[in-house]
Amino acid sequence: MVGAPRGFTALRAVFALNGLGVAVWFPRIPDVKAALGLDLMTLALCLLGLPAGTLLGFLFVGRMTRRFGLKAVTTWAGAALLLSFIGPGFAWNAVSLGIALFACGLCVAAIEVAMNAKASQTEAALGRRIMTQCHAYWSFGAMGGALLGGAFAEAGIAFLVQQAILQPLLALGTILCARGLLDDAARKPVVARGGLVWPSTALLLVCLAPIGALLVEGAMMEWSAILLREHVGAAPLATAGTFAAFALAMALTRLAGDRLAETLGPQRVMRASGVLMGLGIAAFALSPSIWLSAPLAVLVGIGCANIYPLAMSIAAGLPGQPAERNVATLAMAAFTAFLIGPPFIGLAASLLSLPVALALLAPLGLAPFLMPRRARAATG
C-alpha cells in the first residue's frame, strides 16, 4: 500500500511521544505525595482516579472513532492526553489530585483504542506484524520521559513547572507527527445491532491473558519510585534511571516480539514472558540495594513487554466486529488491572509493607497460562 512505510514511521513517533509525556509523571509521584502530605492508602485512592476515568472513557470511545475516524482521534486524543497531565500539578489536596487523574484517564481511553486500532490497520497495509514494535516505541518514549522527569526532580524544579514546559511541546509534536498516519481504511460491512454487543467467547478468553502484565506494569509505573526512594534510599535520578532501565528492557524486547511471535507462536511467548515477569517482580520488590534493583527491573521489563501487545494484536484480528471494537473490549477488560492495582497495593502496603505488597504480585505471571485451549486455537 502506497504510504504504508511512512504511516508506520508516523505511528511509531506517536507511540513514543505518548510514552514520553506520560512517563515524566512517574518519577514525580513521590514529590507530589510529599507535597500533599499523603499516606500510602490515600495516594492509592488518588491513583485510582486514572483507571476509573479510563474505564468510563472506554464506554464512549467506539462512538467517537466511528464518528471522527481513527486518525483524527489518535491525533487529537493524543495531544489532549499530554495536556491533561498538567492537571495533577495544580492539585492542592487528595481530592483534587484524584479528579485531575480521572480527567487524564478519560483521555487515555480514547488514545489507547485509536492508537492500537490504527496499528492494526497499518499491520494489514504492510502485511506483517508491527504491534509489539509500536509498543516498543512507547517504551522508548517512557524511558526518555522517566529520565527527563528524574532530571527535573534532581534539579529541584517544581512538578507543575516541569509539566507546563514539557507537555505543550509534546502535544504539538504529536499533532505534527500524526499528520503522516495512514488514512483510515474503508470499513467492512458489519451487521448492525442495537445496544451493547456481548463479546465473542474467543475475545473474552483472550482478555484473560494481559491483566496480570498490566497490573505489574502499573505497579512499576506508580510505586517503584516510592519503593526505591523510601525503602531503598535511592536518589531521584537513580530512581528514574531504574525505571528507565525497566522501560528500555521492555522496548528492546518488544522490538523482537513480532518476530518471536511469528517463530514460536504468540501464546508460547506470552507464557514464557509471564514466568519471567513473576520472578522478576518478586525479586525487585524485596531488593535491598539500588544496584540490585536496576537489573531486576530489567528482568521485569523483559517479562512484561510482549504480553499486552500480542494480546492486542490477537484481539484486533478476530472476526465478527471492527478491530477498534475488539481492541476497546480487550483494553477495557485488561485495564481493570489498573483499577484493582492501586487499592490492593495501597491496602497491602498499609497492613504489611510496600515491598511485601509488590512481591504479592508475583503469581500474576501465571495469567497467560489461564487462556484455555479453545482461545489459543481460535486465535491462531
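Computed from a predicted model, the values in this text were never measured in an experiment.

Asks: Looking at this structure, how should I read the packing of helix H10 (residues 211-232) against helix H11 (residues 236-264)?
Replies: For any two helices packed against each other, one specifies the crossing angle of their axes together with the interaxial distance. Viewed as axis vectors pointing N to C, H10 and H11 meet at an angle of 155°, and their least axial separation amounts to 8 Å. One way to sum up the angle between H10 and H11 is to call them roughly antiparallel. Helix-helix and strand crossings are classified by hand; for H10 and H11 the assignment is right-handed. For the pair H10 and H11, the contacting residues are Glu-217, Met-220, Met-221, Ser-224, Ala-225, Leu-228 and Arg-229 in the first and Pro-236, Thr-239, Thr-242, Phe-243, Phe-246, Met-250 and Arg-254 in the second. In terms of residue class, the contact of H10 with H11 is made up of eight nonpolar, three polar and three charged.

Asks: Help me understand helix H13 (residues 290-304), please; the structure alone is not making it clear to me.
Replies: Helical geometry: 3.6 residues make up each α-helical turn, so side chains three or four residues apart lie on a common side. Taking 1.5 Å per residue, 15 residues should reach 21 Å; H13 reaches 20 Å between its end C-alpha atoms and fits that length. Residues of H13 that are buried in the fold lie against H10, H11, helix H12 (266-286) and helix H14 (307-316). Structurally, the start of H13 carries an N-cap: the backbone nitrogen of Trp-291 is 3.1 Å from a side-chain oxygen of Ser-289.

Asks: Help me out: how do you make sense of the nonpolar core in this one?
Replies: Generally speaking, nonpolar side chains in soluble globular proteins are found buried as a group. Counting 112 residues, the largest nonpolar core has Trp-25, Leu-97, Trp-223, Phe-284, Phe-335 and Leu-358 as the members making the most contacts within it. Ranked by the residues each element gives to this core, the list is headed by helix H6 (residues 94-126), at 13 residues. Excluding its chain neighbours within four sequence positions, the residues that come into contact with Phe-335 are Pro-51, Thr-54, Leu-55, Phe-58, Val-108, Glu-112, Leu-214 and Tyr-308. If you look at the next biggest cluster of nonpolar residues, it comprises five residues, including Ala-79, Leu-82, Leu-170 and Ala-171.

Asks: What is the right way to look at the environment of Arg-268 in this model?
Replies: As for its position among the elements, Arg-268 is in helix H12. Expressed as a C-alpha distance, the spacing of Arg-268 and Thr-174, which sit 94 residues apart in the sequence, is 35 Å.

Asks: Just checking my understanding: could you explain the confidence of the model for the protein chain for this structure?
Replies: Any residue range with low pLDDT should be treated as having predicted coordinates unsuitable for detailed reading. Chain-level pLDDT for the protein chain is 85 on average; 90% of the residues reach the 70-or-more range. Helix H18 (residues 373-378) is the least confidently modelled element of the protein chain, averaging 46 in pLDDT, while helix H8 (residues 159-178) averages 96, the highest of any element. pLDDT under 50 marks residues 189-196. Its contacts with residues more than four places away, or in other chains, come to four contacts. Low pLDDT, under 50, characterises residues 374-380; the predicted model gives this stretch 12 contacts beyond four residues in sequence or across chains.

Asks: Looking at this structure, I do not really get the packing of aromatic side chains. What am I missing?
Replies: To describe a pair of aromatic rings, you give the distance between the ring centres and the angle between the ring planes. Enumeration according to the criterion identifies four aromatic pairs in this entry. On the basis of an interplanar angle of 50° and a centroid distance of 5.6 Å, the ring pair of Trp-25 and Phe-159 is categorised as tilted. Here Trp-25, found in the loop between helix H1 (4-23) and helix H2 (29-36), pairs with Phe-159, found in helix H8; they are 134 residues apart in sequence, far enough to count as distant. Centroid distance Tyr-137 to Phe-140: 5.6 Å. Interplanar angle 70°. Geometry classified as edge-to-face. Of this pair, Tyr-137 and Phe-140 both sit in helix H7 (residues 131-154), separated by three residues, roughly a single helical turn. Exposure remark for Tyr-137: the relative accessible area of 27% places this residue in the partly exposed category. A cation over a ring is seen here: Arg-12 above Phe-8, with NZ or CZ 4.1 Å from the ring centre.

What counts, and where the lines are drawn
- Residues numbered from 1 in each chain as written.
- Predicted model: local features only at pLDDT ≥ 70, side-chain atom pairs only at ≥ 80, totals over all residues.
- Heavy atoms only, no water.
- Axes fitted to C-alpha atoms, helices over the stretch in contact; angles between N-to-C directions.
- Helix = DSSP H or I, 4+ residues; strand = E, 2+ residues; numbered from the N terminus.
- Parallel < 35°, antiparallel > 145°, perpendicular 65-115°, else oblique.
- Left-handed = near helix turned anticlockwise from the far one by under 90°.
- Contact = heavy atoms within 4.5 Å.
- Nonpolar A, V, L, I, M, F, W, Y, C, P; charged D, E, K, R; others polar.
- Expected span 1.5 Å × (residues − 1).
- Polar contact = N/O pair within 3.5 Å; in protein donor to acceptor, adjacent residues only side chain to side chain.
- Core = buried A, V, L, I, M, F, W, Y, C linked by side-chain atoms within 4.5 Å.
- Buried < 20%, exposed > 50% of the residue type's maximum accessible area, 1.4 Å probe, protein only.
- pLDDT = per-residue confidence, 0-100.
- Phe/Tyr/Trp six-rings, centres within 6.5 Å; stacked < 30°, edge-to-face > 60°.
- Lys NZ or Arg CZ within 6 Å of the ring centre and 35° of its normal.

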